[in-house]
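Coordinate analysis (summary)
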Amino acid sequence: MVGKEIKARVIIEVVGMPIGHVKETLNNLIEKIKEDKELVIEKQEIFEPAELPELKLFSTFVEADIKFSSIEKLIGFCFDFTPSSVEVLDPMNFIFDARFLNCILNDIVTKLHRYTMLIRNLDAEYALLKRELNKK
């Protein structure tokens, strides 16, 4: 499966405030994607920010059809840009060996371990800060 192009439709959402920052952040993400020569945005539609009144935030997103140079590039894109949705459009079938799948699974597990460690560290820092605030 190494090296075969993949076309996928992705949705990347940005939530935050103020509205100008949300628009700017989404535009910066799109520019960063365009800098990567191993993928091509074939079509994109940017949606105007909508207010999320219950959260007092704004949300906007881009829906884009992107051609990736390989499945590895698509998976890396998912880790780097954390799209809300990914739909593979072409090819409709994949054939790869166990070694390839092992590499993908180990990459996923490594990322999950990093995120778990980060969350544990943040949780410990939060508990320490909370304890310090309660002393005062």
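Scroll up a little and you will see the structure.
So, here's what we can say about the structure. (Residues numbered from 1 in each chain as written. Predicted model: local features only at pLDDT ≥ 70, side-chain atom pairs only at ≥ 80, totals over all residues. Heavy atoms only, no water.)

**Brief notes about helix 1 (residues 19–35)**
- Counted at 1.5 Å a residue, the expected span for helix 1 with its 17 residues is 24 Å, and the 25 Å between its end C-alpha atoms agrees.
- Looking at helix 1, one finds that the buried residues are Val 22, Leu 26, Ile 30 and Ile 33. Looking straight down helix 1, one finds that the buried residues subtend no more than 70° of arc, so they occupy a single side. Opposite its buried face, helix 1 presents the exposed residues Lys 32 and Glu 35, each directed more than 90 degrees away.
- For helix 1, the elements touching its buried residues are strand 1 (6–16), strand 2 (39–52), strand 3 (57–68) and helix 2 (71–81). (Helix = DSSP H or I, 4+ residues; strand = E, 2+ residues; numbered from the N terminus. Expected span 1.5 Å × (residues − 1). Buried < 20%, exposed > 50% of the residue type's maximum accessible area, 1.4 Å probe, protein only. Arc of directions from axis to C-beta. Contact = heavy atoms within 4.5 Å.)

**Describing the nonpolar core**
- Counting residues in each nonpolar core, the largest one holds 21 residues, and the members touching the most others are Ile 12, Ile 33, Leu 39, Ile 66, Phe 68 and Phe 77.
- Elements represented by at least two residues in this core include exactly strand 1, helix 1, strand 3, helix 2 and helix 3 (98–135).
- In this view, Ile 12 contacts Leu 26, Leu 29, Ile 33, Thr 60, Phe 61, Val 62, Phe 77, Phe 81, Pro 83 and Ser 84; residues no more than four positions away in its chain are not counted. (Core = buried A, V, L, I, M, F, W, Y, C linked by side-chain atoms within 4.5 Å.)

**So, the pairing of strand 1**
- Of the two faces of strand 1, the one holding Ile 6, Ala 8, Val 10, Ile 12, Val 14 and Gly 16 is buried and the one holding Lys 7, Arg 9, Ile 11, Glu 13 and Val 15 is not buried anywhere.
- For strand 1 and strand 3, the ladder comprises 11 bridges, and the chain directions are antiparallel. Note on strand 3: the bridge partner recorded for Ile 11 is Glu 63.
- Looking at chain direction, strand 1 and strand 4 (residues 85–90) are connected through five bridges and run antiparallel. Directly across from Ala 8, in strand 4, lies its bridge partner Val 88. (Pairing = 2+ DSSP bridges.)

**Here's the deal with the packing of helix 2 against helix 3**
- Viewed as axis vectors pointing N to C, helix 2 and helix 3 meet at an angle of 10°, and their least axial separation amounts to 12 Å. The angle between the axes of helix 2 and helix 3 places the two elements in the roughly parallel class. For the pair helix 2 and helix 3, contact is made by Ile 71, Glu 72, Ile 75 and Phe 79 and by Phe 100, Ile 104, Asp 107, Ile 108, Lys 111 and Tyr 115, respectively. (Axes fitted to C-alpha atoms, helices over the stretch in contact; angles between N-to-C directions. Parallel < 35°, antiparallel > 145°, perpendicular 65-115°, else oblique.)

Without other data, these values stay purely geometric and don't point to any function.
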